[in-house]
Amino acid sequence: MRRGILVRGPCRPPNPLSPLDFRPELPPVTPPAPQLVSTPTAPAAPAEDPVKLAEFEARIARGESIEPKDWMPERYRRQLVRMMSQHAHSEIVGMLPEGNWITRAPSLRRKLSLLAKVQDEAGHGLYIYCGAETLGVDRGELVADLLSGKAKYSSIFNYPTLTWADVGVIGWFVDGAAIVNQTALAKHCSYGPYKRAMVRVCKEENFHKKQGFESIATLAAGTPEQRRMAQDAVDRWWWPSLMMFGPSDADSPNSAELMRWGIKKYSNDELRQRFVNLTVPQAQAVGLTLPDPALAYNPETGNWDFGPIDWDEFWAVVKGDGPCNADRLAARNRAHDEGAWVRDAATAHAAKQAGRAAGAARAA
Ligand code: FAQ
């Protein structure tokens, strides 16, 4: 994909040089200093009891986990609901681009692993919705916000999967980016349920990344046509994958508050840099080129410097004008409507069970 051009296409239908050896986190990088002072549109926090707030912030400073029944500032609760619900929606919508290829996987082995991966993403979504519910929100309302288009989900899932190689690159780049982001949450997030959920999610994402990279390594070592297909997928997914980490720190209204309260440990730019540092040697290992002429190792910082990100494209996709936004929402709405009978049956079953339990209690 050329920089700045949104591809319109069918939306439905320990050694970094070793392709199969991944560690979720890189050694520490020296990132550019975060510029979180400018918080363009961060909404003001409601007034809180100063004593409780000071106790809460002392707990955060001591590295204690905040649990659902603990006192927390309203802004902390709202930030977590926002972030966790967007994350859960991303996992659910994220099933669609790869789901597009389940019926066309090139072998039984590839089909089985893709089926398992897509199911895992569904599990992550449900798991994170459960985590969000510990903050006193109703999952039905969160899902309604997704279906109406009010809620955000990750920009990356608004790009089409045009060839089989896209499935491999999603595992490699998208799960790879998710691991970098979520390992930080699993290790450091101050909210206990979210932190614990991320431990299991990261283990599964790590496996997804391995299967994606292995698939791309196979294509890269295959026929010239397979190799071209792999390179084309890398070219199209690289920049959108960097955008997954969110706007640059200077334009990130939520980061300062999230970092102050220990929800996010690292800024968007720090994690993006970590991902680039991790991925460049992997691309070199399979002989594929990352589509950025400015990519260069910087011996002073120990980082791979990269070219400018097209933030106009990012915001266009976030605001609903990506190649597949409309299609993704339509697909989710269709699935929700077609699943109504399952929800009705589960509700009727629960009512029957509750009635039986009440009858047994009366009889005892
Ligand atoms: N797409 O102030 P910030 C996955 C929004 S899971 C769309 O920097 P924050 C697994 C942001 O919400 C991928 N919107 O926000 C998988 C905010 O809007 P709001 C999801 C974006 O929260 C793999 C506004 O821009 N991962 O891939 C994006 O500090 C394969 C300003 O941004 C997570 O959710 C974006 N990329 O940082 C599944 C991880 N970036 O709410 C299937 C947890 C920003 O103020 C297949 N989340 N925005 O209206 C996070 O780490 C953070 O929430 C960020 C955003 C980094 C996503």
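It should be noted that the structure appears before, not after, this text.
Remember, it's a predicted structure, so these values are computed and weren't measured experimentally.

## Some remarks on the overall build of the protein
Step number 1: Secondary structure summary: the protein contains 13 helices and 2 strands in total.
Step number 2: The buried share of the protein, taken over its 364 residues, is 48%.
Step number 3: Here the protein has roughly 17,100 Å² of accessible surface; of this, 59% comes from carbon and sulfur atoms.

## Things to note about the site of the ligand
Step number 1: Lining the immediate surroundings of the ligand are 37 residues, of which Arg82, Gln86, Lys152, Ser252 and Lys264 lie closest.
Step number 2: Met244 has a polar backbone atom sitting 3.3 Å from a nitrogen atom of the ligand.
Step number 3: Here an oxygen atom of the ligand sits 2.6 Å away from a polar atom, N or O, in the side chain of Ser252.
Step number 4: Contact with the protein chains removes 92% of the 1,100 Å² of surface that the ligand exposes when unbound.
Step number 5: If you list the elements that add at least two residues to the shell around the ligand, you get helix 2 (74-93), helix 4 (108-133), helix 6 (164-188), helix 7 (192-220), helix 9 (255-260) and helix 11 (311-321).
Step number 6: If you tally residues by element for the shell around the ligand, the top one is helix 2, at 6 residues.

## Points about the packing of helix 6 against helix 10 (residues 268-286)
Step number 1: In contact at an axis separation of 10 Å, helix 6 and helix 10 are set at 140 degrees when each is read in the N-to-C sense. The way helix 6 lies across helix 10 gives a crossing that is right-handed. Between helix 6, through Trp172, Phe173, Gly176, Ala177, Val180, Asn181 and Ala184, and helix 10, the contact on the second element is made entirely by Leu271, Arg274, Phe275, Leu278, Thr279, Gln282, Ala283 and Val286.

## Details of helix 6
Step number 1: Taking 1.5 Å of rise per residue, the 25 residues of helix 6 would be expected to cover 36 Å, and the 36 Å separating its terminal C-alpha atoms lies within 8% of that figure.
Step number 2: Of all the 25 residues making up helix 6, 22 are buried; the element is thus mostly covered by neighbouring parts of the structure.

## Digging into empty space enclosed by the protein
Step number 1: Of the voids in this model, the second largest cavity is the one considered here, and its volume is about 40 Å³.
Step number 2: Along the walls of the second largest cavity sit Arg110, Ser113, Leu114, Trp164, Val167, Gln211 and Ser215, which together make up its complete lining.
Step number 3: For the lining of the second largest cavity, the secondary structure elements donating two or more residues are helix 4, helix 6 and helix 7.
Step number 4: Ranked by residue count, the leading element in the lining of the second largest cavity is helix 4, at 3 residues.

## Observations concerning the nonpolar core
Step number 1: Residues Tyr76, Trp172, Phe173, Tyr191, Tyr194 and Trp237 are the most contacted members of the largest nonpolar core, which totals 81 residues.
Step number 2: Examining the composition of this core, we find that 13 residues originate from one element, helix 6, more than from any other.
Step number 3: If near-sequence neighbours (up to four positions away) are discounted, Tyr191 is found in contact with Ile66, Glu67, Pro68, Met72, Tyr76, Leu80, Met84, Gly131, Thr134 and Leu135.

## Looking at the packing of aromatic side chains
Step number 1: Scanning the entire structure with this criterion turns up 15 aromatic pairs.
Step number 2: Seen in terms of ring centroids, Phe56 and Tyr76 are 4.9 Å apart; in terms of plane orientation they differ by 75 degrees. Their pairing is edge-to-face. With Phe56 in helix 1 (residues 50-61) and Tyr76 in helix 2, this pair connects stretches of sequence that are 20 residues apart. Assigned by exposure class, Phe56 and Tyr76 land together as buried.
Step number 3: Between Tyr76 and Trp261 the ring centres are 5.9 Å apart and the planes differ by 75 degrees, which places this aromatic pair in the edge-to-face class. With Tyr76 in helix 2 and Trp261 in the loop between helix 9 and helix 10, this residue pair connects regions lying 185 residues apart in the sequence.
Step number 4: In textbook terms, an aromatic cluster arises when at least three aromatic residues are bridged by ring pairs, as seen for Trp172, Phe173, Phe213, Trp238, Phe245 and Phe275.

## A look at helix 1
Step number 1: Between its terminal C-alpha atoms helix 1 stretches 16 Å, which fits the 16 Å expected from 12 residues at 1.5 Å a residue.
Step number 2: Measuring from the backbone nitrogen of Val51 back to the side-chain oxygen at the start of helix 1 gives 2.9 Å, which picks out Asp49 as the cap.
Step number 3: Immediately beyond the C-terminal end of helix 1, within one or two residues, lies Gly63, with a positive phi of roughly 80 degrees.

## Focus: the pattern of salt bridges
Step number 1: Tallying each qualifying case throughout the model produces 19 salt bridges.
Step number 2: Between Glu74 and Arg77 there is a salt bridge whose closest N-O contact spans 3.0 Å. Note that Glu74 and Arg77 are positioned in helix 2 at a spacing of 3 residues, about one turn of the helix.
Step number 3: Measuring nitrogen to oxygen at the nearest pair gives 2.8 Å for the salt bridge that ties Lys117 to Glu121. In this pair, Lys117 and Glu121 both sit in helix 4, 4 residues apart, roughly one turn of the helix.
Step number 4: Assessed through its relative accessible area of 2%, Lys117 is described here as buried.
Step number 5: In this structure, a network of salt bridges that share partners links the residues Arg59, Arg62, Glu64 and Asp70.

## Side note on the side chain of Glu91
Step number 1: Topologically, Glu91 is positioned in helix 2.
Step number 2: We note that Glu91 is buried and unpaired, the nearest opposite charge coming from Lys117 at a distance of 7.5 Å.
Step number 3: Of note is the side chain of Glu91, whose polar atom sits 3.5 Å from the side chain of His124.
Step number 4: In this structure, Glu91 is in contact with Glu121, His124, Gly125, Ile128, Gln182, Val201 and Glu205, ignoring residues within four places of it in sequence.

Calculation notes
- Residues numbered from 1 in each chain as written.
- Predicted model: local features only at pLDDT ≥ 70, side-chain atom pairs only at ≥ 80, totals over all residues.
- Heavy atoms only, no water.
- Helix = DSSP H or I, 4+ residues; strand = E, 2+ residues; numbered from the N terminus.
- Buried < 20%, exposed > 50% of the residue type's maximum accessible area, 1.4 Å probe, protein only.
- Areas by Shrake-Rupley, 256 points an atom, 1.4 Å probe, with all protein chains shown as cover.
- Near = heavy atom within 4 Å.
- Polar contact = N/O pair within 3.5 Å; in protein donor to acceptor, adjacent residues only side chain to side chain.
- Axes fitted to C-alpha atoms, helices over the stretch in contact; angles between N-to-C directions.
- Left-handed = near helix turned anticlockwise from the far one by under 90°.
- Contact = heavy atoms within 4.5 Å.
- Expected span 1.5 Å × (residues − 1).
- 1 Å grid on protein atoms, 1.4 Å probe; cavity = no way out; pocket = protein on both sides within 12 Å on 5 of 7 lines; lining within 4 Å.
- Points joined across faces, edges and corners; volume = space filled by probe spheres on them.
- Core = buried A, V, L, I, M, F, W, Y, C linked by side-chain atoms within 4.5 Å.
- Phe/Tyr/Trp six-rings, centres within 6.5 Å; stacked < 30°, edge-to-face > 60°.
- Salt bridge = Lys/Arg side-chain N within 4 Å of Asp/Glu carboxyl O.
- Lys, Arg positive; Asp, Glu negative; His and termini not counted.

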